[in-house]
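# A structural walkthrough
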Amino acid sequence: MPVKVEPSPSLAGLSPVCGKPLIARFDGGQLSSDGGLLALREVERRLGVAERLAACIEDPRAPERVRHGIADILRFRMLMMAAGYEDGNDADSLRHDPVFKLALDHLPDGAALCSQPTISRLENLPGTRALLRMARTMVGLYCSSFRQVPRRIVLDVDDTFDAVHGGQQLRLFNAYYDEYGFQPIVVFDGEGRPVAAMLRPARRPSGAEVRAFLRRLVREIRSHWPRVEVLIRADSHYCAPEVLDFCRAERLDFILAVASTTTLRRHVEALERGTTARYAAASNAGKQRRYTEFYDGAGSWSRVERIIARVEAGPDGVDTRFVVTNLASGTPRRLYERNYCQRGQAENHIKAWKLALAADRTSCSKASANQLRLMLHTGAYWLLWSLRSLMPKRSTWRVVQLDTLRLRLIKLATRVVARKTRVMLHLPSAYPAKAIIHLALERMPRLVC
């Protein structure tokens, strides 16, 4: 008696079109909704993110029993994150996806990729030494992304709150956010490249902690570029005497926000009154903004520093901000508007890292596993950022949000047909971004690996 094949059930609730019923079933065969992932595959092959990180982890498994190498597991996990699947449980379904198989150099009808338990075991595998090696590797990836050694780089240092819901190691209650969580320190450069991410409890970093973090970071960067000039930008969290002394000792430029104090306000009282009077006399001209500079220092500082004050008068009163810098050249207005205010872009980069790449998905119980996740989310960020960097400089694609880039270029319906001598990928004829996909693949050799 022949085997009876039951068709998959139809989707209910679809209205007829022109009097004809709509029958929809999940029986399309080798189809994928992530066809653009193959462009990210080429990016990852050029950057070698998975291979770099895998080289830092010792594999305790018996070689003859290994089915999925560490590099393949890391590559699969980063591609999942880049495609919007931040939950490791999604691997149980995506391991059969034909495009994900092709992205990991597997044929569509070949063996399935690794499952969620395999990914979870890997996340809990690295120890402290392995994580430190991986952190240095991520800095090395940053340095190798330049075609030539830069004369000067700008490092934007900031922290962000990451709420957690469970008994994770290092979690701490933060009264400002009224939640338990982490507060990792994240570093991007002035062009949006990720440099480092360090998991830590949800409290304001101390000066000694920031100094130790910067020491390791700068030492690793200068191991690649001994003579590069470095500018550190950060908010008032990082304006501690230990940080200022470290920057001067290591010949680092800095421009940091300073919390307002009565001592600092005494320097700008006359300027505040004058700016308020200007606004009152010309209210139709909008807010009035003026700048000044002076030398002063907190009692805990080892020396006086150059401090720039920005005074702004408007309908809500006077708003005064202070920044401290060791930059000798430049007017106060230029240093504040052209140098310090550009630090705001780092907050946009962190926002993309958290929202588009779900970098706050730190739900593992072990701190080491959550630190590894930060690195994997950073690796996924590298893939999308690198793909975006291939776009024409004057086009909107060069500044598009990463989640929009994923929606337009990665979420691409694809039918995969495996033949004897080749694999055919059938893409939608009505796809609106055909030219961009062509352009990105043509420019792929431009990526620095």
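Here's a quick rundown of the structure. Predicted, not measured: the structure shown is a model, and the values here were computed from it. (Residues numbered from 1 in each chain as written. Predicted model: local features only at pLDDT ≥ 70, side-chain atom pairs only at ≥ 80, totals over all residues. Heavy atoms only, no water.)

### A look at the overall build of the chain
Along the backbone of the chain there are 16 helices and 14 strands. Once the C-alpha set of the chain is aligned to its principal axes, its extents read approximately 100 × 60 × 45 Å. Sorting the 449 residues of the chain into buried and exposed places 49% on the buried side. Working note: accessible area of the chain is about 23,100 Å², and carbon and sulfur atoms make up 50% of it. Seen as two clouds, the 69 positive and the 47 negative side-chain charges of the chain have centres 5 Å apart. (Helix = DSSP H or I, 4+ residues; strand = E, 2+ residues; numbered from the N terminus. Buried < 20%, exposed > 50% of the residue type's maximum accessible area, 1.4 Å probe, protein only. Areas by Shrake-Rupley, 256 points an atom, 1.4 Å probe, with all protein chains shown as cover. Lys, Arg positive; Asp, Glu negative; His and termini not counted. Charge placed at Lys NZ, Arg CZ, Asp CG, Glu CD.)

### Here we look at the nonpolar core
Within the largest apolar cluster, 124 residues are counted, with the highest numbers of intra-cluster contacts made by Phe76, Phe100, Leu155, Ile232, Leu387 and Leu409. For this core, the element with the highest residue contribution is helix H14 (residues 367–389), accounting for 12 residues. Counting residues in each nonpolar core, the second largest holds 10 residues, with Leu231, Ile255, Leu327 and Tyr340 among its members. (Core = buried A, V, L, I, M, F, W, Y, C linked by side-chain atoms within 4.5 Å.)

### Remarks on the packing of aromatic side chains
Enumeration according to the criterion identifies 13 aromatic pairs in this entry. Summarising the aromatic geometry, the rings of tyrosine 85 and phenylalanine 100 are spaced 6.2 Å apart at their centres and angled 65 degrees between planes, so their arrangement reads as edge-to-face. Taken as a pair, tyrosine 85 in the loop between helix H3 (70–82) and helix H4 (91–94) and phenylalanine 100 in helix H5 (residues 98–103) lie far apart in primary sequence, 15 residues in all. Take tyrosine 85 and phenylalanine 100: they sit in the same class, and that class is buried. Members of the aromatic cluster, connected to one another through ring pairs, are Phe76, Tyr85 and Phe100. Here arginine 171 stacks its cationic end above the ring of tyrosine 180, 4.2 Å away from the centre of that ring. Taking the ring centre of phenylalanine 146 as reference, the NZ or CZ of arginine 193 above it sits at 4.0 Å. (Phe/Tyr/Trp six-rings, centres within 6.5 Å; stacked < 30°, edge-to-face > 60°. Lys NZ or Arg CZ within 6 Å of the ring centre and 35° of its normal.)

### Brief notes about the layout of surface pockets
Put simply, the largest pocket is a space of about 1,000 Å³. What lines the largest pocket is a set of 34 residues, and nearest its centre among them are Glu191, Arg193, Trp385, Ser389 and Arg398. For the lining of the largest pocket, the elements supplying multiple residues, two or more each, are helix H13 (344–355) and H14. Of all the elements, H14 adds the most residues to the lining of the largest pocket, at six residues. Class assignment of the residues belonging to the lining of the largest pocket gives a composition of 14 nonpolar, 10 polar and 10 charged. Quantified by volume, the second largest pocket comes out at close to 620 Å³. (1 Å grid on protein atoms, 1.4 Å probe; cavity = no way out; pocket = protein on both sides within 12 Å on 5 of 7 lines; lining within 4 Å. Points joined across faces, edges and corners; volume = space filled by probe spheres on them. Nonpolar A, V, L, I, M, F, W, Y, C, P; charged D, E, K, R; others polar.)

### Side note on the sheet that holds strand E13 (residues 414–418)
Here we have three strands laid out as an open sheet, ordered E1-E13-E14, and antiparallel in their pairing. Only two strands of the sheet have a single neighbouring strand rather than two, namely strand E1 (31–32) and strand E14 (423–426). As paired elements, E13 and E14 share four bridges and run antiparallel to each other. Looking at the pairing, alanine 418 lines up with valine 423 of E14. (Pairing = 2+ DSSP bridges.)

### Considerations on the pattern of salt bridges
Opposite charge on two side chains permits pairing when their charged atoms draw close. For the structure on display, the rule yields 31 salt bridges. The salt bridge partner of arginine 75 is aspartate 72, with a shortest N-O separation of 2.9 Å. Separated by three residues within a single helix, arginine 75 and aspartate 72 lie in helix H3, roughly one turn from each other. Exposure remark for arginine 75: the relative accessible area of 13% places this residue in the buried category. When the shortest N-O distance is used, the salt bridge between arginine 152 and aspartate 253 registers 2.9 Å. One end of the pair, arginine 152, is in strand E2 (residues 152–159); the other, aspartate 253, is in strand E9 (residues 253–258), with 101 residues separating them in the sequence. Overall, the relative accessible area of 28% leaves arginine 152 in the partly exposed class. (Salt bridge = Lys/Arg side-chain N within 4 Å of Asp/Glu carboxyl O.)

### A few points about the state of the cysteines
Tallied over the full model, the rule gives zero disulfides. Looking at cysteine 56, it has no disulfide partner, and the nearest cysteine sulfur is the one in cysteine 143, 15 Å off. Judged by relative accessible area, which is 6%, cysteine 56 ranks as buried. With no disulfide of its own, cysteine 364 has cysteine 114 as its nearest cysteine by sulfur position, at a separation of 15 Å. Overall, the relative accessible area of 9% leaves cysteine 364 in the buried class. (Disulfide = S-S within 2.5 Å.)

### Observations concerning the side chain of glutamate 272
Within the fold, glutamate 272 resides in helix H11 (residues 269–281). Only 2.6 Å separates the side chain of glutamate 272 from the side chain of threonine 320, close enough to count as a polar contact. With sequence-adjacent residues up to four places away left out, glutamate 272 is seen in contact with Arg265, Val311, Val318 and Thr320. (Polar contact = N/O pair within 3.5 Å; in protein donor to acceptor, adjacent residues only side chain to side chain. Contact = heavy atoms within 4.5 Å.)

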